Amino acid sequence: MGNWIYEKLLPMLEYLPYVLLFGVLAALLITLIVTLVRYRQGKPVRRSARDTLWGYFFIMPWMVGICIFFLGGVANSLLYSFYNLKLDSGLQLTPLTGVDEAGNTVYTPLANYVSVFNKELNFPVTLGNFAVSLVLQLPIIIAFSLIIALMLNGKIKGRGVFRTIFFLPVIIATGPVMSQLTAQGVSSVPMVNQNTMAVILADFPEFISQPIMDLFSQLILILWNSGIQILIFLAGLQKVPTAMYEAAKIDGASGWETFWKITLPSLRSMILLNSIYTVVTLATNSTNPIIDLIYNATYAVTKGYSYGAAMTWLYTLVVAILLLITFLIVREKKEKKSKDVFRQDMEGRARAAQSKKLSKMMGRRKTA
Amino acid sequence: MAVGGTKVNPKKFHKNQIPLYLYLVPIAIFMGAPIVYIINHAFKPMDELFAFPPRFFVSHPSLENFRNLFQTTADSSIPISRYIFNSLIVTLGVVFLSIVISTMAGFALSKMNFKLKGPVFEVNNIALMFVATAVTIPRYLTINALGILDTYLAHILPLIAMPVCLFLIKQFIDGVPNSLIEAAQLEGASAFTIYRKIIIPLTKPAIATGAILAFQSVWTNVETSNLFTSSEGIRTLPFYMNTLTSVGTVQGQGMAAAAALIMFVPNLLLFIVMQSSVMNTMAYSGIK
């Protein structure tokens, strides 16, 4: 079993990104040749063929970049996680072996993954903490940035200055400045007494209380992380047609109703975009403790790169699951649309008014 | 109504705005704190840098940290201008190329129909959530195999395909109305003209945001200098700043604070330049 994996399956992995790259290249060439042949025969070039050609042309530079420098690395890291990698004189890959009960040497491709769970006692705990804090932070970031975006979209003096201030943390949120700031305790809310919090939360199990404590000690840090989200919401808000607000106002809708029935549904795709962006940035942020664990393991003498790669893949799996859950919760639901009576009503009225106008015109034409 | 979509700043102050200010001003103070801190920290003399409990504001500002920093750079064998030049080339190269590549790919993924479109976008999603530290060693091997170790290309090429950039820009291009593109096609515009005349102008906010993100990730990047270069003459400014300030002496802390301010200033300048296009988001795409 292990033998087959090492001899047949894993070597194929190395070529996976190149298969994709060459697949796109081949598709481009085939379409090009077919189109040229048809053109030579005097047949008109089909629009779909032209579309395809341009599509591949536009996607190509990015494909080359991502396949060679990123996917190549990703596939290789998966490959190396099944080996023992040494870099002292060139690249040396030795298959992982173990001894079974009968004393025979057997291949154990998953040994790195198993040892992550055996050796790295911190890993599952940190992973769990990360998942819980993500669940807590995501709604806060989304709600906060939505509120700020709503306020910044309003008519106030000095709006440009406020927008700049809210976006500024984005451009300094990386690097040594941030770690200096957190070390100084700037990121916690001064009003919230840490000790009081600890007393209140003492009755809860640690896996719940710890993330909540972290949440409060990092509240400002979380708010600093929401610059891009505010920006995306602002862009979404400005795309909502003003005519809809006017129609709602005429019908006597309050600001509260307008928000829930018009603003929020219009922002649905932006909320999805923001949620995914937030999960991704939180997960790959360099201040994330899991990234720290992986980094330390990768450069530790006793563990090494293959071990770090195994950890990365486990982590990526968890992040993917979290992303999928986020997507399923936030995505646009088709059946919900039909239930949105208010919106339908608005649209229906607009249509009725239009047809009335039309019939009036038609009637006038008839009489004329 | 507070939720209307207007573009211009109101000229006058009105009483109705006061409640909004009550919320916005305190939050803005929190959000602006790190910038104030960076500036204050760089001017702190030695005794204030190490004061306990640490203080937020500087009480006796001095230029001592900057003086130390410039003295040290003057003593080194390679002039600091060389590092600045390298950093400029690398940063400009990455920002420009990554924006061109991302907008092109975003246009294709969002508005064109071709096979393999789905898998390509999936690839981007995978790249988006993969931890970058994990690919450094395979990346080194790739760069070694390409034979571009110790060149500017080793700084630039690994970073130009930014998944976050593509993701943001693609989502924005999704919002460009299809009817606009169809109208252009009817007028006989080629895909390239559409890209240049419609997509680029309409997605300026996303492009500006992407440019800022790309700039920030390159400008402070020490990894490429650390791993893919071996001669000093090709390394970049953040790497040099890191070597200066990581010596571990007491002076190093002060120099680190001054260096942080120097590294931060271009970020701020770029943002102020980009600000108007970031903020005037695509309110008016020409079609209702």
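Residues numbered from 1 in each chain as written. Chains lettered and ligands numbered in written order. Predicted model: local features only at pLDDT ≥ 70, side-chain atom pairs only at ≥ 80, totals over all residues.

S.K.: Mind showing me how you'd approach the overall build of chain A here?
M.R.: In terms of helices and strands, chain A carries 18 helices and four strands. Taking all 368 residues of chain A together, 33% fall into the buried category. Taking all contacts inside chain A whose residues are at least 6 apart in sequence as the whole, residues at least 24 apart take part in 73%. (Helix = DSSP H or I, 4+ residues; strand = E, 2+ residues; numbered from the N terminus. Buried ≥ 20, exposed ≤ 12 C-beta atoms within 10 Å, placed from the backbone. Contact = placed C-beta atoms within 7 Å.)

S.K.: Help me out: how do you make sense of the overall build of chain B in this one?
M.R.: When helices and strands are tallied, chain B shows 14 helices and zero strands. Looking at the 288 residues of chain B, the share that counts as buried comes to 41%.

S.K.: Before we go on, may I ask you to explain the domain arrangement of chain B in this structure?
M.R.: Interfaces are often described in size by the accessible area the parts lose on coming together. Residues and elements named next belong to chain B. Here chain B is described as being made up of domain 1 (15-62) and domain 2 (72-279). Between the C-alpha centres of domain 1 and domain 2 the distance comes to 30 Å. Between domain 1 and domain 2, the residue contacts involve seven residues of the former and eight residues of the latter. Mapped by element, the contributors of at least two residues to the side of domain 1 that touches domain 2 are helix 1 (18-42) and helix 2 (46-49). (Domains from an automatic or database assignment.)

S.K.: Where do I start with the packing of helix 4 (residues 80-111) of chain B against helix 10 (residues 191-202) of chain B in this structure?
M.R.: Two quantities define a packed helix pair, namely the angle between the axes and the distance from one axis to the other. Residue and element names in this part refer to chain B. For the pair helix 4 and helix 10, the least separation of the axes is 11 Å and the interaxial angle reads 95°. Classified by the angle their axes make, helix 4 and helix 10 are roughly perpendicular. Contact residues: helix 4 offers Thr103, Met104 and Phe107, while helix 10 offers Tyr195, Ile199 and Ile200. Within the contact of helix 4 with helix 10, the residues separate by chemical class into five nonpolar, one polar and no charged. (Axes fitted to C-alpha atoms, helices over the stretch in contact; angles between N-to-C directions. Parallel < 35°, antiparallel > 145°, perpendicular 65-115°, else oblique. Nonpolar A, V, L, I, M, F, W, Y, C, P; charged D, E, K, R; others polar.)

S.K.: When you look at the interface of chain A and chain B in this model, what are you seeing that I'm missing?
M.R.: Residue-level contacts link 86 residues of chain A with 78 residues of chain B. By residue number, the principal contributor to the side of chain A that touches chain B is helix 3 (residues 47-80) of chain A, which donates 21 residues.

S.K.: Hey, could you run me through the domain arrangement of chain A in this one?
M.R.: Residue and element names in this part refer to chain A. Taken as a whole, chain A is organised into domain 1 (2-109) and domain 2 (133-331). Contacts between the two partners involve seven residues from domain 1 and, on the opposite side, seven residues from domain 2. Elements supplying a minimum of two residues to the side of domain 1 that touches domain 2: helix 3 and strand 1 (83-86).

S.K.: Would you mind showing me how to read unusual backbone geometry here?
M.R.: Most peptide bonds are trans, and most residues other than glycine sit at a negative phi. Residue and element names in this part refer to chain B. Residues other than glycine seldom take positive phi values, yet aspartate 150 does so here, at roughly 70°. Along the chain, aspartate 150 turns up in the loop between helix 6 (136-146) and helix 7 (152-156). Its 15 C-beta neighbours within 10 Å are what place aspartate 150 among the partly exposed residues.

S.K.: Looking at this structure, I do not really get the nonpolar core. What am I missing?
M.R.: One recurring pattern in soluble globular proteins is that nonpolar side chains are buried together. Grouped together as the largest cluster of nonpolar side chains are 133 residues, with contacts concentrated most on Ile59(A), Trp62(A), Ile66(A), Phe233(A), Ala105(B), Ala211(B) and Ala214(B). Residue contributions to this core peak at 17 residues, all from helix 3 of chain A. Apart from residues no more than four positions distant in its own chain, Ala211(B) is found in contact with Val95(B), Ile99(B) and Met274(B). Counting residues in hydrophobic clusters, the runner-up holds 18 residues, among them Ala42(B), Tyr83(B), Leu237(B) and Ala260(B). (Core = buried A, V, L, I, M, F, W, Y, C linked by C-beta atoms within 7 Å.)

S.K.: Got a minute to help me understand the packing of helix 4 (residues 111-119) of chain A against helix 16 (residues 304-330) of chain A in this structure?
M.R.: Residue and element names in this part refer to chain A. Following both chains from N to C, one finds helix 4 and helix 16 inclined at 80°, their axes separated by 9 Å at the closest point. Judged on the interaxial angle alone, helix 16 and helix 4 are roughly perpendicular. Residues Asn112, Tyr113, Ser115 and Val116 of helix 4 form the contact with helix 16, whose participating residues are Ser306, Tyr307, Ala310, Met311 and Leu314. Classifying every residue of the contact of helix 4 with helix 16 gives six nonpolar, three polar and no charged.

S.K.: I tried to follow the pairing of strand 1 of chain A on my own but got confused; where do I start?
M.R.: On a regular strand, one side chain projects to one face of the sheet and the next to the other, so that they alternate. Residue and element names in this part refer to chain A. On strand 1, burial follows the alternation: Tyr83 and Leu85 on one face are buried, whereas Asn84 and Lys86 on the facing-out side are not. In this structure, strand 1 lies alongside strand 2 (residues 92-95), joined through four bridges in antiparallel fashion. By the bridge assignment for strand 2, leucine 85 is matched with leucine 93. (Pairing = 2+ DSSP bridges.)

S.K.: Mind showing me how you'd approach the environment of Ile199(B) here?
M.R.: Residue and element names in this part refer to chain B. Its location among the elements puts isoleucine 199 in helix 10. A tally of 24 C-beta atoms within 10 Å means that isoleucine 199 is categorised as buried. Sequence separation between isoleucine 199 and phenylalanine 172 is 27 residues, and the spatial gap between their C-alpha atoms is 9.7 Å. For isoleucine 199, the contacting residues outside a window of four places in its chain are Thr103, Phe107, Ile173, Val176 and Ile194.

S.K.: What am I meant to see in helix 15 (residues 289-298) of chain A here?
M.R.: Given 3.6 residues to a turn, an α-helix orients residues that are three or four positions apart in the same direction. Residue and element names in this part refer to chain A. Buried residues of helix 15: Ile290, Ile291, Ile294, Ala297 and Thr298, and no others. Buried residues of helix 15, viewed axially, fall in a sector of 130°; they line one side. Where helix 15 is buried, its residues touch helix 5 (122-153) and helix 16. (Arc of directions from axis to C-beta.)

S.K.: So what exactly am I meant to see when it comes to the confidence of the model for chain B here?
M.R.: Low pLDDT marks stretches whose predicted atomic positions should not be read closely. All names here are of chain B. Put simply, chain B has an average pLDDT of 79, and 85% of its residues get 70 or more. When pLDDT is averaged over each element of chain B, helix 4 comes out on top at 91 and helix 2 at the bottom at 75. For residues 1-8, every residue scores under 50 in pLDDT, and the model assigns this stretch 21 contacts once sequence neighbours within four places are set aside. Note that residues 281-288 has pLDDT below 50 and, in this model, 21 contacts with residues that lie over four places away or in other chains. Model confidence for the complex is summarised by a pTM of 0.75, with the ipTM given as 0.77. (pLDDT = per-residue confidence, 0-100.)

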